[in-house]
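# Overview (structure and organization)
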Amino acid sequence: MSIESRFQPLLKQRAQQHLYRQRPLTFSAQQPEMQINGLPVINFSSNDYLGLANDPQIKEAVIKGLQDTNLSYGSGAAHLVTGHHLHHHLLEDEIADWLGAERALLFSTGYMANLAVQQTLMQKGDTILADKLNHASLIDGALHSEANLKRYPHLDMKALERRLQKIETGQALITTDGVFSMDGDIAPLTQILTLSESQQAWLMVDDAHGFGMLGQQGKGCFDVLNLKPTTNTILVGTLGKAFGTSGAFVAGSQTLIESLIQFARPYIYTTAMSPINALASRTALKRVIEAKSERERLKQHIQTFREGAQSLGLQLWPSQSAIQPIILGSSALAIAWSEALKKKGFWVTAIRPPTVPAGQARLRVTLSASHSTEQLDALLLALKQVQESEKHQEPL
Ligand SMILES: *Cc1c(COP(=O)(O)O)cnc(C)c1O
């Protein structure tokens, strides 16, 4: 069979289901005002919650770094070969200090960190208990490990407890997003931590969207809930969201980190991130820690948006984070709204199955401290106009 004959029908089917994906092309820096696919738009879709992706101080650090004769752009090799530069090492120490963890370890992406942790920690006969709405990379990590995967309904603590109690042999690991990436709600970590302790399960929290956005110094969900990770807690964060750079980290005990260095294939068999990116991320961490006023501003934006959208009667999700989905139901409707908003100058991505459950297609509005209140008000007005014009359309 040719590639052609296998995939042409699948591509056609995707298009008919309104699920065909395209990569919006931009010539702009990552910021609220952008040109995307040639259209001037206000961007309400990025994960750049603090506006650090285009931060002058981070750019400045990169320029200085490039002029430093002790720094190359390329890392040249994996960490265990010759790629582990002082700036990687310092960034790890600084992340560990920031979170009060014994150690931290850098990864090239959050996706790889999630594969690495689960493949390394879990053995045959073990069980991974995962929230149904966990990020795809957590799910893939579980599927690529040797453990059994059991998913529990979103945030359902009773179901989690029942599944935990049913486990007779092997180690259990609970995995959850901190802030859920498509829903914006926060995992009930107080209960999850108590459950994990009482059942001797380990706990892995992927706080990709919580770090930087929530808590004092942006320390994420644990901080906002006044919790302390235990020695059996694994924290995963990405540098690609609020930090505005790229890469990821795992934070936890000395033994956890050493085990990852020894055994994690997605750590061992890949080139280290650029040391310049590590340097940029060190500056980003400083900016994250001091971004108190940005976090305040973001909180204000979240409140303004929710009040505005609710007064329009739009269906929001119980989210106190910068991720604010507007549930529309069908993929076709989500696309129609997204397209109508584009024409009015707002970039708001439609999120469709399989990224979210069938029947829950949505607009995923993400807010950033870098948005102005005028931009936010303009979005609410545009939503109102789209809502009104959709009322006069034939049902899709
Ligand atoms: C974005 C995201 C990841 C992946 O991180 P990358 O660094 O982009 O690979 C992992 N987990 C969650 C919850 C995410 O939202």
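Before reading further, recall that the structure is shown in the block above.
In this report, we go over the structure that sits alongside the text.

Rules used throughout
Residues numbered from 1 in each chain as written. Predicted model: local features only at pLDDT ≥ 70, side-chain atom pairs only at ≥ 80, totals over all residues. Heavy atoms only, no water. Near = heavy atom within 4 Å. Polar contact = N/O pair within 3.5 Å; in protein donor to acceptor, adjacent residues only side chain to side chain. Areas by Shrake-Rupley, 256 points an atom, 1.4 Å probe, with all protein chains shown as cover. Helix = DSSP H or I, 4+ residues; strand = E, 2+ residues; numbered from the N terminus. Nonpolar A, V, L, I, M, F, W, Y, C, P; charged D, E, K, R; others polar. Pairing = 2+ DSSP bridges. Axes fitted to C-alpha atoms, helices over the stretch in contact; angles between N-to-C directions. Phe/Tyr/Trp six-rings, centres within 6.5 Å; stacked < 30°, edge-to-face > 60°. Buried < 20%, exposed > 50% of the residue type's maximum accessible area, 1.4 Å probe, protein only. Lys NZ or Arg CZ within 6 Å of the ring centre and 35° of its normal. Salt bridge = Lys/Arg side-chain N within 4 Å of Asp/Glu carboxyl O. Contact = heavy atoms within 4.5 Å.

### A look at the site of the ligand
- In the neighbourhood of the ligand, 14 residues make up the surrounding shell, with Gly-110, Asp-206, His-209, Thr-238 and Lys-241 lying closest.
- A distance of 2.8 Å is found between an oxygen atom of the ligand and a backbone nitrogen or oxygen belonging to Gly-110.
- For the ligand, an oxygen atom lies 2.5 Å from a polar atom in the side chain of His-209.
- Protein burial of the ligand: of its 370 Å² of free accessible surface, 82% is covered by the chains.
- In terms of residue count, the dominant contributor to the shell around the ligand is helix 5 (residues 110–121) (three residues).
- Grouping the amino acids of the shell around the ligand by side-chain chemistry returns two nonpolar, nine polar and three charged.

### Quick word on the sheet that holds strand 12 (residues 349–351)
- Read from one edge to the other, the open sheet built from three strands follows the order 10-13-12, with strand pairing classed as antiparallel. A single partner strand is all that each edge strand has here, and the edge strands are strand 10 (323–329) and strand 12. Averaged over all pairs of adjacent strands, the angle between strand axes in this sheet comes to 30°, irrespective of strand direction.

### Things to note about the packing of aromatic side chains
- Tallying each qualifying case throughout the model produces seven aromatic pairs.
- Aromatic side chains Trp-98 and Phe-243 sit 5.7 Å apart centroid to centroid with 80° between the ring planes, which places their arrangement in the edge-to-face category. Within this pair, whereas Trp-98 is found in helix 4 (residues 86–99), its partner Phe-243 is found in the loop between strand 8 (233–238) and strand 9 (248–252), the two being separated by 145 residues in sequence.
- We classify Trp-98 as buried; its relative accessible area is 4%.
- A ring pair is formed by Phe-211 and Phe-249, whose centres lie 5.4 Å apart and whose planes are at 50°; its orientation type is tilted. Of this pair, Phe-211 sits in the loop between strand 7 (202–206) and helix 9 (221–224) while Phe-249 sits in strand 9, and the two are 38 residues apart along the sequence. Accessibility classification places Phe-211 together with Phe-249 in one group, the buried group.
- A connected cluster of aromatic rings, assembled from ring pairs, spans Trp-98, Phe-211, Phe-243 and Phe-249.
- Looking at Lys-342, its charged tip hangs above the ring of Trp-347, at a distance of 4.3 Å from the centre.

### What about unusual backbone geometry?
- Of note, the amide linkage connecting Pro-353 to Pro-354 takes the cis form, showing an omega dihedral of 10°.
- The residue Pro-354 is located in the loop between strand 12 and strand 13 (361–366) in this model.
- Even without being a glycine, Asn-37 presents a positive backbone phi close to 50°.
- Structurally, Asn-37 is set in the loop between strand 1 (33–36) and strand 2 (39–43).
- Residue Asn-37 is classed as partly exposed on the basis of its relative accessible area of 47%.
- At Gln-200, a position not held by glycine, the phi torsion is positive, near 50°.
- Topologically, Gln-200 is positioned in the loop between helix 8 (189–198) and strand 7.

### Quick look at the pattern of salt bridges
- Taken as a whole and judged by the stated rule, the model has six salt bridges.
- Arg-282 is the partner of Glu-94 in a salt bridge, and the nearest nitrogen-oxygen pair spans 2.6 Å. Of this pair, Glu-94 sits in helix 4 while Arg-282 is found in helix 12 (residues 275–290), placing the two residues 188 residues apart along the sequence.
- Of the residues examined, Glu-94 reaches a relative accessible area of 26% and is grouped as partly exposed.
- Put simply, Asp-55, Arg-287 and Glu-290 are held in one network by salt bridges that share partners.

### Remarks on the environment of Phe-263
- Structurally, Phe-263 can be placed in helix 10 (residues 254–263).
- In this structure Phe-263 comes out as exposed when scored by relative accessible area, which is 59%.
- Separated by 175 residues in sequence, Phe-263 and His-88 have C-alpha atoms that sit 19 Å apart.
- Excluding residues that lie within four positions of it along the chain, Phe-263 makes contacts with Thr-120 and Ile-268.

### Overview of the sheet that holds strand 11 (residues 346–347)
- Overall, mixed pairing links the three strands, which are arranged 1-2-11 in an open sheet. Only two strands of the sheet have a single neighbouring strand rather than two, namely strand 1 and strand 11.

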